[in-house]
Amino acid sequence: MKIIFIKTLISLFDNFRFLQVVHPIYISPTPDVKFKRWKYTSYNFTIATFWSPLLVKTNLDGHRDSEVFNIYLDQVDENWTSQINEFNYIILNAGHWFNRLYYKKNQVVGCWRCSLKNVTEFPVHYAYTMAFRAALKAINSLEKFKGTTFVRTFAPAHFEGGEWYTGGDCLRKRPFTSNEIVLEGLNLEFYKSQVEEFWVAEKEGKIKGKKFRLLDVTQAMLLRPDGHPSRYGHLQPEKVKNKDCVHWCLPGPIDSWNDFLFHMLKMEQ
């Protein structure tokens, strides 16, 4: 069995009888650390990770995260779509990087917070919707791929007192209770956009012999402001200027994703 994580991360799996500790063979066909593969020979199980942070074509390489770069919303990233035919399962997700310059048919159609003259400002979830639409359409267009695609839903950030560049931080040491926070604003728009595109793709996929599953982590992650590294994701935390309240680097919250996925994979079997 083969599983691929598309990262934004894509993964592929093979066999789920993890009854003992085993060590994989590293079989990546490229030295590029963004694209890795491991094989567990005793289980005939292969897992791969493909790094594609926006799922569609960009000129992201070489740009700092504060710079405006191009996102080609109607051109899927072939670094991952060209590899998935051989896999049984895909885990697909995307996150928070869509505040850039948007292209369709190689023409600028808009942006979010780019402050460029004569360029239309779109809400950031517009690009998120278009990217997922392109990615899921690409999967459905592959004649040889007959596997299952898991769409992992949006995981909210937890900035307080500002955002990434304006002094925001995440210092909470316990989860929220269900009555302390609600899914709203941009978090809700991202989630709705993703789920709506999922249902469209699932309907089309049934006709083409493909299966789509929703790995819904959004509400669970909304309750976990204690899972981000803040300034402590670096070797010299005292020198960190922008606190990281986006990524999930602490044990606990993100481990639940594995539990959810493993349960869903067993259901597929």
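Summarised in this report is the structure supplied together with it.

Basis of the calculations
- Residues numbered from 1 in each chain as written.
- Predicted model: local features only at pLDDT ≥ 70, side-chain atom pairs only at ≥ 80, totals over all residues.
- Heavy atoms only, no water.
- Salt bridge = Lys/Arg side-chain N within 4 Å of Asp/Glu carboxyl O.
- Helix = DSSP H or I, 4+ residues; strand = E, 2+ residues; numbered from the N terminus.
- Buried < 20%, exposed > 50% of the residue type's maximum accessible area, 1.4 Å probe, protein only.
- Axes fitted to C-alpha atoms, helices over the stretch in contact; angles between N-to-C directions.
- Parallel < 35°, antiparallel > 145°, perpendicular 65-115°, else oblique.
- Left-handed = near helix turned anticlockwise from the far one by under 90°.
- Contact = heavy atoms within 4.5 Å.
- Nonpolar A, V, L, I, M, F, W, Y, C, P; charged D, E, K, R; others polar.

1. Some thoughts on the pattern of salt bridges
So, step 1. Tallied over the full model, the rule gives eight salt bridges.
So, step 2. For the salt bridge of Glu197 with Arg133, the shortest nitrogen-to-oxygen distance reads 2.8 Å. Highlighted residues: Glu197 in helix α3 (residues 185-208) and Arg133 in helix α2 (residues 124-141), separated in sequence by 64 residues.
So, step 3. A salt bridge links Arg224 to Asp226; its shortest N-O distance comes to 2.8 Å.
So, step 4. Judged by its relative accessible area of 22%, Arg224 falls in the partly exposed class.
So, step 5. Among the ionic contacts, a cluster of salt bridges with common partners joins Lys211, Arg213 and Glu268.

2. A few points about the packing of α2 against α3
So, step 1. Contact geometry for α2 and α3: axes closest at 9 Å, N-to-C directions at 20 degrees. Here α2 lies roughly parallel to α3, going by the angle between them. When you trace α2 past α3, the crossing you get is right-handed. Contacts between α2 and α3 involve Val124, His125, Tyr128, Thr129, Phe132, Arg133, Leu136, Asn140 and Ser141 from the first element and Leu186, Glu189, Phe190, Ser193, Gln194, Glu197, Phe198, Ala201, Glu204, Gly205 and Lys208 from the second.
So, step 2. Residues of the contact of α2 with α3, tallied by class, amount to eight nonpolar, seven polar and five charged.

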